[in-house]
Structures are given as structure tokens and as C-alpha cells.
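Here is what each chain is made of, one letter per residue.
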Amino acid sequence: MWLQALMWGTVAGGALVLGSGIAWLWKIPPKWVSTVMAFGAGVLISALAFELVDEAVEGGGLLPTVIGFLAGALIFVGSNVLLARAGAKHRKRSGEKQPSEKEAPGSGTAIAIGALIDGIPESVVLGLGILASGTVSPAMLAAVFISNVPEGLSSTAGMKKAGRGPAYVFGTWTGIAVFCGLASLLGYAALENAPAELIAFITAVAAGGILAMLADTMIPEAFEEHHNLTGFTASVGFLTAFTIHRVGG
């Protein structure tokens, strides 16, 4: 089971490397980047609603879920404020908003740390899912993987325009993929004998962090290139994840 948690967390994190590779090899039109980011945002919104919050309430009750959700949102927002001051505010933007190292010394480290913080909550809940059901949740795995591809794609496009080299870009995403696997393993191993209320609290912390991350980093990029199908694309992403949830459940 612990090996499953490690493997699936790494696979989900590996989607960041996949998206990064696509953006590094080809110049993706900004409207396409916004479209796939909108789809990924819709996928994650569906997953945190039906896979995380709902199951946290069912497993551990409303109060631990509410407290955990608010705590997760506050933790992410607080971390994001600090990282934004260090130059990582636009870490998921594909345009020319990301600063170069000359413009903001230390921003490369801040962007890498921010991307890691973005990925940890998603990975932890993969491990928790294995703990709860004995196997990885197909819907949550699909949601994390699908959303990570545009995250890696958009961020790398911005990194290229900021003049960052391949060693930094692929070193960052490969390292994050490894940490995602370790976070999933931690979610499984550290809470193996934990009470249901604590598991609900941790799950809700992850959900709150994911929603705050969506609002602060993914959704602005998703709607960067305004066109009539952006909202519809997000809706299709939501329904895709919901369908996987229903079929997988």
C-alpha cells in the first residue's frame, strides 16, 4: 500500500514534467494555454467538491471539515502572500508576467517553492484515499493528473519568457514530482491509525488549500485570454471529473 501511495503521487506529479516538456519544445498559443488551464480548473473544482469535502464530512463530520477547510485556505493564502513578495506571484502565468532573476533576485527559488506548495495538498489526498479505500481513487488521480499538465505547461511558458534555462525548469518540475510522491506516501503512512475526525480535518485542509490555489493562481491564467468558450471549457472539465467520480465510485 505504501508503495502504491508513493507511485501514484509520483505519477500525478509527473504530469507537471509532461506539461513542462510540451511547453519547452513547442510554442503554445496563449489562447490554448488559457483553454487547457480553464479545463484543469474545472476538473479540480469538481474533485475537491465530490472527492474531498463531501467524503471528509461523511467520514469525520461537519465541524472538523469546516475548520480544516478554512485552515487550509488561510495557510495557502498566507504562504502565497510571502511568496508573491519574493517574486512568485505569477508562477503559473504563461505570458511575460514572471520576473527574471535580474528583475527580482531570488524569484527563481520562490517560484520553485510556490509550485511545490501548490502540488503538496493534491498529493497528500491521494495517499489518504489509498488509506481509506485500499486503492487510489481513479477520479482524484485523474483530476490531479489532468490539472497538472496545464499547470506545468503554463508555468514553463512563463519561465522561458523570463529567460530561465532548461536545468532550472526541468530540475524544478522533476524535483516537485518526487516530492509529490513523498507527500502522497506521507499522507498514507502518517495517518494510518488516525481517527476519522483527524483524517477529515487533513483532507479538508488540502481541499481548502486547493481552492485557494485555484483562485489565486490557476483561474487568473485560465481567463487571461478572454474568449466565449472559456467558461464552457471549465464546465466541461468539471463534468469530466464528476463523470469519472460517478463511474469510478
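Predicted model only: the values in this text are computed from it and were never measured. (Residues numbered from 1 in each chain as written. Predicted model: local features only at pLDDT ≥ 70, side-chain atom pairs only at ≥ 80, totals over all residues. Heavy atoms only, no water.)

Participant: Where do I start with the overall build of the chain in this structure?
Facilitator: Helices and strands together make up the secondary structure of the chain, namely eight helices and zero strands. Put simply, the chain runs from its N terminus to its C terminus through helices and strands in the order α-α-α-α-α-α-α-α. Taking 249 residues into account, the globule formula puts the C-alpha radius of gyration at 18 Å, and the chain, at 17 Å, falls close to it. By residue count, 48% of the 249 residues in the chain fall in the buried class. Here the chain displays about 11,100 Å² of accessible surface, and carbon together with sulfur accounts for 71% of that area. Averaging the coordinates of the 13 positive side-chain charges in the chain and doing the same for the 16 negative ones gives two points 13 Å apart. (Helix = DSSP H or I, 4+ residues; strand = E, 2+ residues; numbered from the N terminus. Rg over C-alpha atoms; globule rule 2.2 N^0.38 Å. Buried < 20%, exposed > 50% of the residue type's maximum accessible area, 1.4 Å probe, protein only. Areas by Shrake-Rupley, 256 points an atom, 1.4 Å probe, with all protein chains shown as cover. Lys, Arg positive; Asp, Glu negative; His and termini not counted. Charge placed at Lys NZ, Arg CZ, Asp CG, Glu CD.)

Participant: Could you clarify how one ought to interpret the nonpolar core in this entry?
Facilitator: It is characteristic of soluble globular proteins that their nonpolar side chains tend to be buried jointly. Leu52, Met140, Leu214 and Met218 are the most contacted members of the largest nonpolar core, which has 36 residues in total. Every element with two or more residues in this core is listed here: α1 (2-25), α2 (30-60), α4 (107-133), α5 (138-161), α6 (166-189), α7 (196-222) and α8 (230-248). Those residues in contact with Leu214 that lie beyond four places of it in its chain are Ala41, Leu44, Ile45, Leu48, Ile219 and Pro220. Formed by eight residues, the second largest nonpolar core is a distinct cluster that contains Leu16, Ala115, Trp173 and Cys180. (Core = buried A, V, L, I, M, F, W, Y, C linked by side-chain atoms within 4.5 Å. Contact = heavy atoms within 4.5 Å.)

Participant: Just checking my understanding: could you explain the packing of aromatic side chains for this structure?
Facilitator: Where two aromatic rings form a pair, the distance of their centres and the angle of their planes describe that pair. All chains considered together, the criterion is met by three aromatic pairs. Considering the side-chain rings of Trp24 and Phe170, the 5.8 Å spacing of their centres and the 75 degrees angle between planes classify their relative orientation as edge-to-face. Separated by 146 residues along the polypeptide, Trp24 in helix α1 and Phe170 in helix α6 bring together distant segments of the chain. What makes Trp24 partly exposed here is its relative accessible area of 23%. (Phe/Tyr/Trp six-rings, centres within 6.5 Å; stacked < 30°, edge-to-face > 60°.)

Participant: Got a minute to help me understand α2 in this structure?
Facilitator: An α-helix turns once per 3.6 residues; consequently, residues spaced three or four apart project the same way. Counted at 1.5 Å a residue, the expected span for α2 with its 31 residues is 45 Å, and the 43 Å between its end C-alpha atoms agrees. Residue Leu48 marks the point of greatest curvature in α2, where the axis turns by about 35 degrees. Following α2 by one or two positions, Gly61 has its phi on the positive side, about 100 degrees. (Expected span 1.5 Å × (residues − 1). Bend = angle between axes of the 7 residues up to and from the residue.)

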